[in-house]
Amino acid sequence: MLPFPAIVPVKPEELSPFEKFNQLVANALGTVYGMSIGYVLIVVLLGFGIYATIRTGAVQITMFSKMWKTVMGSRKGSHGGISSFQAFAVGLADRVGTGNIAGVAIAITLGGAGSIFWMWIVALVGMASAFVEATLAQMFKVRNPDGTFRGGPAFYIERGLGSRAWGSVFAVLLIFTYAFTFQLIQANTLAGLAKANFGMPTYATGLLLVAITAPFFIAGIRSVARIAEYLAPLMAVIYMTLAVIVIIENIGQLGTVFDMIIQGAFGVNSVAGGTLGGLFAALMNGTKRGLYSNEAGMGSAPNAAATATVSHPVKQGMIQSLGVFVDTILVCSATAFIVLLGGVYDPNAAEQPSDGAALTVDSLAALGPWTKPIILIVIFMFVYSTLLGNFSYSEGNIKYLLGIENNAWIVKAISIIAVFLGSVLSLEMVWNLGDWTAALLAIMNLVACTLLFKWAVGALKDYQHQLQTKTEDEIQFCSSDNEFLPGELPTDVWTKEAIAQGRNISSDPASWEHGD
């Protein structure tokens, strides 16, 4: 077998005047972000997650087993549209990206093993946030002429809060963030690795990515859903399998690693000086890693959740909540154990690695050279699936702005161009710009979720009430004269008439008893 080259970080080259200007602006954006909106975002996201946990009766715990049963039984019944499982897979494809490999490793180097504990806490409360936003997306979704559905924060801001203007602002921000900025970043990550390890020109990587993503961009959300249905779970399973092998190989050290995580979470034996400094470092880095990895409350995954064909909004709320668990508790934890058990990371080292992907890969290399081609393939799959997930969110929002009849060529063109440009450009400024737009999206979304919270709670009470006397297959949400809702839901999807005609479950208008 030919030796497989090590995955190494990309070395910075001599900067041109333009690149120096780009770096200056990037540093300014990052500094101001870190001193202002970054902290606000963490407080808002955590605050809402705790509030949602209390108000829903800790739905992420009390209904955890039902979440698994729901997602495992949702691969059928979409009636030609997007199944509940496919919507879950699209959301998972976007959540699980290179940050799950690189970001978690960096959180450990900056905040110590204790950052993983806070990452878990953030995921736990984030599951409640994801439940609320996905349930609202289902409740306020609209039906397309072909019987499929679309929705998301822009829709529940307009229909629930009566503001088309703010819904449009959210849609524009999301399109810019996901169709352009985040596409640039993902493509840049893969191009950098390919160049560093194989000498592959960045433009070649860009052309390759365009070739394999453009057909799915052009075909639209159904095509993306079909590939995400298989790709997202597969890449997560492969990566977690590697982590399990690492754990088995180092089973005797597992107890020590858990001690490092728990003690480090509260400033004991932390990489930062002093108990207070160690606690703060672990809290901040673990919190940021958890929030930016699972995107709970960011307003992205609800766009996929709204497309699912389900009989009750709460079912999709549970499924998207489970997506947060899979992303953070499973995939991010896989990286954590790989790094902490791999023998490369030294918590007492004066200087810690700055490249998270390289640290993770080097930690895996202890298993043997056979891991390197596998991890590079996994990174490729992470990037590829995220590119598709980003596009699907953007497509739904351009149709919100321009109408369902619009073929979304603007977003398709932007995404294709961004995939290529991201492979060949230096993106420090784009990274920081993406942080700002993502923060604005999350704050707008969580304000809307707070104002509409009573609708999500009402839907949950309705579901729990029906569960007392009906089987899962018999449960059906009806918004007409619903005693658990704060009023009449502005919808033509969940009414008695829509249910009687089959318009809420079938994507084929010919199957409806009556026309629109």
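Values in this document were obtained by computation on a predicted structure and should not be read as measured data.

Some thoughts on the overall build of the chain
Consideration 1: When its secondary structure is counted, the chain shows 21 helices and 2 strands.
Consideration 2: Within the span of the chain, comprising 516 residues, buried residues form 57% of the whole.
Consideration 3: Put simply, of all contacts in the chain between residues at least 6 apart along the chain, 81% involve residues at least 24 apart.

A few points about helix H17 (residues 371-402)
Consideration 1: The first and last C-alpha atoms of H17 sit 47 Å apart over 32 residues, in line with the 46 Å expected at 1.5 Å per residue.
Consideration 2: Across the 32 residues that make up H17, a large majority, 25, are buried.
Consideration 3: Where H17 ends, the next residue or the one after it, Gly403, has phi of about 105 degrees, a positive value.

Examining the side chain of Gln466
Consideration 1: Position of Gln466 among the secondary structure elements: in helix H20 (residues 453-467).
Consideration 2: Among the residues examined, Gln466 registers a relative accessible area of 6% and is labelled buried.
Consideration 3: Here Asp462 takes part through its side chain, which lies 2.8 Å from a polar atom of the side chain of Gln466.
Consideration 4: For Gln466, the contacting residues outside a window of four places in its chain are His312, Glu474, Ile475, Gln476 and Phe477.

Observations regarding the pattern of salt bridges
Consideration 1: Scanning the model with the defined rule gives 5 salt bridges in all.
Consideration 2: Put simply, Arg164 and Glu158 hold a salt bridge, and the shortest N to O gap is 3.2 Å.
Consideration 3: Glu158 gets classed as partly exposed once you look at its relative accessible area, which sits at 27%.
Consideration 4: Across the pair Lys315 and Glu472 runs a salt bridge, and its minimum N-O distance is 3.7 Å.

Focus on the nonpolar core
Consideration 1: Within the largest apolar cluster, 68 residues are counted, with the highest numbers of intra-cluster contacts made by Val132, Leu136, Met139, Phe140, Tyr156, Trp455 and Leu489.
Consideration 2: Looking at which element gives the most residues to this core, the answer is helix H7 (residues 114-139), with 9 residues.
Consideration 3: Aside from chain neighbours lying at most four places away, what touches Tyr156 is Glu133, Leu136, Ala137, Phe140, Leu161, Pro302, Asn445, Ala448, Cys449 and Leu452.

Digging into helix H4 (residues 64-72)
Consideration 1: Of all the residues in H4, the buried ones are Met67, Thr70 and Val71. Looking down the long axis of H4, one finds its buried residues gathered within 90 degrees of arc, a one-sided arrangement. Structural note: H4 exposes Lys69 and Met72 on the side pointing more than 90 degrees away from its buried face.

Concerning the packing of helix H15 (residues 313-341) against H20
Consideration 1: In contact at an axis separation of 9 Å, H15 and H20 are set at 105 degrees when each is read in the N-to-C sense. In terms of orientation, H15 and H20 fall into the roughly perpendicular class. Residue-level inspection shows Val314, Lys315 and Met318 of H15 in contact with H20, the latter providing Ala459, Leu460 and Tyr463.
Consideration 2: Within the contact of H15 with H20, the residues separate by chemical class into 5 nonpolar, no polar and 1 charged.

Topic: unusual backbone geometry
Consideration 1: The phi dihedral of Ala58 is positive, around 55 degrees, even though this residue is not glycine.
Consideration 2: Along the chain, Ala58 turns up in the loop between helix H2 (37-55) and helix H3 (59-62).
Consideration 3: Even without being glycine, Asp481 reaches a positive phi, approximately 50 degrees.
Consideration 4: Secondary-structure assignment places Asp481 in the loop between H20 and helix H21 (496-501).
Consideration 5: You can call Asp481 exposed: its relative accessible area is 61%.

Details of the packing of helix H12 (residues 254-265) against H15
Consideration 1: Where H12 meets H15, the closest approach of the two axes is 11 Å, and the angle between their N-to-C directions is 110 degrees. Between H12 and H15, the angle is such that the two are roughly perpendicular. Handedness of the crossing formed by H12 with H15: right-handed. Taking contact as the criterion, the partners of Leu254, Val257, Phe258, Met260 and Ile261 in H12 are, on H15, Phe337, Leu340 and Leu341.
Consideration 2: Considered class by class, the residues forming the contact of H12 with H15 number 8 nonpolar, no polar and no charged.

A closer look at the packing of aromatic side chains
Consideration 1: Scanning all chains against the criterion turns up 16 aromatic pairs.
Consideration 2: What links up through ring pairs into an aromatic cluster is the set Phe48, Tyr51 and Phe453.
Consideration 3: Across the ring face of Phe149, the terminal group of Lys141 is positioned such that the distance to the ring centre comes to 3.8 Å.
Consideration 4: Lys412 extends its terminal NZ or CZ atom over the ring of Trp409, reaching a point 5.0 Å from the ring centre.

Describing a nonpolar patch on the surface
Consideration 1: A cluster of nonpolar side chains, namely Tyr203, Leu207, Val424 and Leu425, defines an oily patch on the protein surface of about 380 Å² accessible area.
Consideration 2: For Tyr203, the position within the fold is in helix H10 (residues 202-219).

What about the confidence of the model for the chain?
Consideration 1: In the predicted model, the chain carries a mean pLDDT of 78, and 73% of its residues have values of at least 70.
Consideration 2: Low confidence marks residues 508-516, where pLDDT is under 50. Its contacts with residues over four positions away, or in another chain, come to 18 contacts.

Brief notes about the side chain of Asn303
Consideration 1: Inspection of the secondary structure puts Asn303 in helix H14 (residues 301-305).
Consideration 2: The buried category is assigned to Asn303, whose relative accessible area is 6%.
Consideration 3: A polar side-chain atom of Asn303 sits 3.0 Å from the main-chain carbonyl oxygen of Gly299.
Consideration 4: When neighbours within four sequence positions are excluded, Asn303 is seen to be in contact with Gly151, Gly152, Pro153, Leu174, Tyr393 and Asn397.

Rules and cut-offs
Residues numbered from 1 in each chain as written. Predicted model: local features only at pLDDT ≥ 70, side-chain atom pairs only at ≥ 80, totals over all residues. Heavy atoms only, no water. Helix = DSSP H or I, 4+ residues; strand = E, 2+ residues; numbered from the N terminus. Buried < 20%, exposed > 50% of the residue type's maximum accessible area, 1.4 Å probe, protein only. Contact = heavy atoms within 4.5 Å. Expected span 1.5 Å × (residues − 1). Polar contact = N/O pair within 3.5 Å; in protein donor to acceptor, adjacent residues only side chain to side chain. Salt bridge = Lys/Arg side-chain N within 4 Å of Asp/Glu carboxyl O. Core = buried A, V, L, I, M, F, W, Y, C linked by side-chain atoms within 4.5 Å. Arc of directions from axis to C-beta. Axes fitted to C-alpha atoms, helices over the stretch in contact; angles between N-to-C directions. Parallel < 35°, antiparallel > 145°, perpendicular 65-115°, else oblique. Nonpolar A, V, L, I, M, F, W, Y, C, P; charged D, E, K, R; others polar. Left-handed = near helix turned anticlockwise from the far one by under 90°. Phe/Tyr/Trp six-rings, centres within 6.5 Å; stacked < 30°, edge-to-face > 60°. Lys NZ or Arg CZ within 6 Å of the ring centre and 35° of its normal. Patch = residues over 30% accessible without salt bridge, like charges linked within 9 Å, V, L, I, M, F, W, Y side chains within 5 Å. Areas by Shrake-Rupley, 256 points an atom, 1.4 Å probe, with all protein chains shown as cover. pLDDT = per-residue confidence, 0-100.

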